[in-house]
Amino acid sequence: MTSHDVTLEWPDGRTLTLAVDEDETILGAAECDGAVLPYGCRTGACGTCSGRLLEVEGAERDADGTIDACAVDDAIAYRRLSRALKDRHRAAGYVLLCIASPRADCRIAVGSSVHTELVDNPWK
Amino acid sequence: MSDASTPDDAEPSHDHEHHHHRLEGPGYATPQAAIEEGGREKLAYVMSLYVGTDVDAPDFVAVVDLDPDSETYCEIVDRIELPNRGDELHHFGWNACSSSCHVEGLERRHLIVPGQRSSRIHVIDAKDRRNPELAKVIEPEEVYEYDLSAPHTVHCIPDGEILISMLGDADGELPGGFLELNDDFEIEGRWEPPGEIEMNYDYWYQPRQNVMVSSEWGAPKTYYPGFDLEDVEAGNYGRKIHFWDWEDGTVEQTIDLGEEGQIPLEVRFLHTPESTHGFVGAALSSNIFHFWRDEDATGGDERYRAKKVIDFEPREHEDWDMPVPGLTTDILISLDDRYLFGSNWLHGEVWMYDISDPSNPRRADSLSVGGTFGEVQEVQGRELSAGPQMIQLSLDGERLYWTTSLFSSWDEQFYPEEGERGSVMLKADVDPRKGTLELDEEFLVDWGECPAGPARAHEIRWPDGDCTSDVWQ
């Protein structure tokens, strides 16, 4: 089974690199390693487990600094539809770790603060 | 497991049960009997959660001491930790209430505690009111088999069965529906024929009138990640209420509340079992609608009417770009059907209206506390990081309690400090005779001090029935 190195990076500076098989989820691999990541539905509907791709091996960045959308799609395979993410989220590199499996080595920002980036207070 | 099979095991929990024959059912014969016989609330069960945070702990049910004569008054005296993380405990209910008052041997003993995000359903045995224990878990996969997810409102239905409103299908999309559990807390199946409704949220039934009313939030995939105005513009949030034939489980009438009825959440019939009047709070539009059965109406089955009777205007705030809606997230009716209470989470307000004439509610009083505009922003030196949200009223209508968390992802948008500091539970003293509310500054329960870290607090229930769970036949 092919595996890829996935490095999780928390806001407090902690990092953890996991070898994640292509048939396991990043959340599942992290749990097996004893790492605590937020999650909710585990079906791709709630977005609680959102991570944000920081780097994909070999991928170019667009002019605005985001990882090329095609590279994002190539780096992550989903076992179900990623319903919690809108197009703008996917384009910005957000990943639902509960249903995502890697197809490339990558670095991902994790922790509950990533989920809070998905929507703003619309009145403020 | 069936509570109907072990009448001799019953532990009298309040004076009321001493007054009746031991084989009679749970609850109270009438709403007035609950007021007279219920006694003062000594404990509260409160949904408490860590979902969505980095705290490595499962959600829990908090047991809060509300006895002013107790040494642990205002403290969380027990926590029933659930086996998994990620549930998002939200709303919950009893296996039996006053609607089963006639069912011999049935006890109000088990709390049905769903995980809103996980779709996992927990059964907690609260025979020992101060030290409840987890008795059973229904795993999400069992729920998904019925193409349902996101359990919300729990009501018992007479004879020991339990009905849970479900907001999505197995994938977190529409339609939602209703899941029925039997009195052994096993899934009986879908209660309604699939496809009766698209969106779902809260519901209330009035068995003597053979009617149930349900409201609408949205698809789980819409509201789970947070509130997005794009979804409002796309019509992804609800604005309808549905009137059901209670016996058949089919929708007889749907009323579209229109632009002023966006996101109708908590829906309540009056407690008097003969009544066909009720109220629903439209959270986003921040309006209250009165609904009632129009006996003079013609035109087949379309006999329920709904009319906006309370309108909370958005308020300007110098630091916000647009006028801020009140966001009316919870309402309840006092057991004597005299007052409607509610919370405007963003404005920071709890309010009470005289509904003696339900068509013409009269503002009685309000409290400006917490939230974006609240005049009181700290209690006992504890800064309030969000507005009043889930409310619960004492049976006698003299004490109103509330917590401050709405939904973890929505909290993060509007009150990000709620996750860092945790929720609080506050209380106001109510004078039903004068129609007044007064903040009890001596009362504070702080979820910011939980051992594993600050937790959010949501729905509140009393051990022996309350204004938002008991129904009378």
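This structure is a prediction, so every number in the text was calculated from the model and none was measured.

## Observations concerning the overall build of chain B
Argument step 1. Broken down by element type, chain B carries seven helices and 31 strands.
Argument step 2. Computed over C-alpha atoms, the radius of gyration of chain B comes to 20 Å, within 12% of the 23 Å expected from 2.2 N^0.38 for 473 residues, which places it in the range of a compact globule.
Argument step 3. In terms of overall dimensions, chain B has C-alpha extents of about 60 × 60 × 50 Å along its principal axes.
Argument step 4. Expressed as a percentage of its 473 residues, the buried residues of chain B come to 65%.
Argument step 5. Long-range pairs, those at least 24 residues apart, make up 59% of the contacts in chain B between residues at least 6 apart in sequence.
Argument step 6. By element, 39% of the accessible surface of chain B is carried by carbon and sulfur atoms, the whole surface being about 16,100 Å².
Argument step 7. On chain B, the mean spot of the 36 positive side-chain charges and the mean spot of the 100 negative ones are 3 Å from each other.

## Overview of the overall build of chain A
Argument step 1. Of regular secondary structure, chain A possesses four helices and seven strands.
Argument step 2. Going from the N terminus to the C terminus, chain A shows its helices and strands as β-β-α-β-α-β-α-β-β-β-α.
Argument step 3. The C-alpha atoms of chain A give a radius of gyration of 13 Å, which matches the 14 Å a tight globule of 124 residues would have.
Argument step 4. Taking the principal axes of the C-alpha coordinates as reference, chain A spans close to 45 × 30 × 30 Å.
Argument step 5. The long-range share in chain A, meaning contacts at least 24 apart out of those at least 6 apart in sequence, stands at 58%.

## Considering the interface of chain B and chain A
Argument step 1. At the interface, 36 residues of chain B touch 26 residues of chain A.
Argument step 2. Here chain B and chain A share an interface that buries about 2,700 Å² over both sides, 55% of which is from carbon and sulfur atoms.
Argument step 3. Our count for the chain B to chain A interface comes out at seven salt bridges.
Argument step 4. The salt bridge partner of R88 of chain A is E230 of chain B, with a shortest N-O separation of 3.3 Å.
Argument step 5. Where chain B meets chain A, there are 15 residue pairs in polar contact (both at pLDDT 80 or more).
Argument step 6. Secondary structure elements with two or more residues in the side of chain B that touches chain A: α4 (220-223), α5 (229-233) and α6 (408-414) of chain B.

## Comments concerning the nonpolar core
For soluble globular proteins, nonpolar side chains are generally found buried alongside one another.
Argument step 1. Within the largest apolar cluster, 47 residues are counted, with the highest numbers of intra-cluster contacts made by F341, W402, M425 and W447 of chain B.
Argument step 2. Counting residues per element, this core draws most heavily on strand β28 (residues 424-431) of chain B, at five residues.
Argument step 3. Ignoring sequence-local partners within four residues, the contact set of F341 of chain B consists of D330, I331, L332, S334, W351, M352, I391, L393, L400, V430 and L437 of chain B.
Argument step 4. Residues L8, W10, V20 and C98 of chain A belong to the second largest nonpolar core, which totals 38 residues.

## With respect to the sheet that holds strand β18 (residues 287-293) of chain B
Residues and elements named next belong to chain B.
Argument step 1. The strand order β16-β17-β18-β19 describes an open sheet built from four strands, whose pairing is antiparallel. Each having just a single partner strand, β16 (264-269) and β19 (304-311) make up the two edges of the open sheet. Ignoring which end each strand starts from, the neighbouring axes of this sheet average 25° apart.
Argument step 2. In this structure, strand β17 (residues 278-282) lies alongside β18, joined through five bridges in antiparallel fashion. Of the residues in β18, the one forming a bridge with G281 is I288.

## Quick word on the sheet that holds strand β15 (residues 250-256) of chain B
Two modes of strand pairing occur in sheets, parallel and antiparallel, and in both the strands are linked by backbone hydrogen bonds.
All names here are of chain B.
Argument step 1. If you walk across this open sheet you meet the four strands as β12-β13-β14-β15, and the pairing is antiparallel. Taken across any chain shown, the strands that pair with only one partner, and hence form the sheet edges, are β12 (203-206) and β15. Ignoring which end each strand starts from, the neighbouring axes of this sheet average 20° apart.
Argument step 2. Pairing between β12 and strand β13 (residues 211-214): four bridges, direction antiparallel. Paired with Q206 across the bridge in β13 is V211.

What counts, and where the lines are drawn
Residues numbered from 1 in each chain as written. Chains lettered and ligands numbered in written order. Predicted model: local features only at pLDDT ≥ 70, side-chain atom pairs only at ≥ 80, totals over all residues. Heavy atoms only, no water. Helix = DSSP H or I, 4+ residues; strand = E, 2+ residues; numbered from the N terminus. Rg over C-alpha atoms; globule rule 2.2 N^0.38 Å. Buried < 20%, exposed > 50% of the residue type's maximum accessible area, 1.4 Å probe, protein only. Contact = heavy atoms within 4.5 Å. Areas by Shrake-Rupley, 256 points an atom, 1.4 Å probe, with all protein chains shown as cover. Lys, Arg positive; Asp, Glu negative; His and termini not counted. Charge placed at Lys NZ, Arg CZ, Asp CG, Glu CD. Buried area = accessible area lost by both parts, 1.4 Å probe. Salt bridge = Lys/Arg side-chain N within 4 Å of Asp/Glu carboxyl O. Polar contact = N/O pair within 3.5 Å; in protein donor to acceptor, adjacent residues only side chain to side chain. Core = buried A, V, L, I, M, F, W, Y, C linked by side-chain atoms within 4.5 Å. Pairing = 2+ DSSP bridges. Axes fitted to C-alpha atoms, helices over the stretch in contact; angles between N-to-C directions.

In short, shape yes, function no, at least from these values alone.
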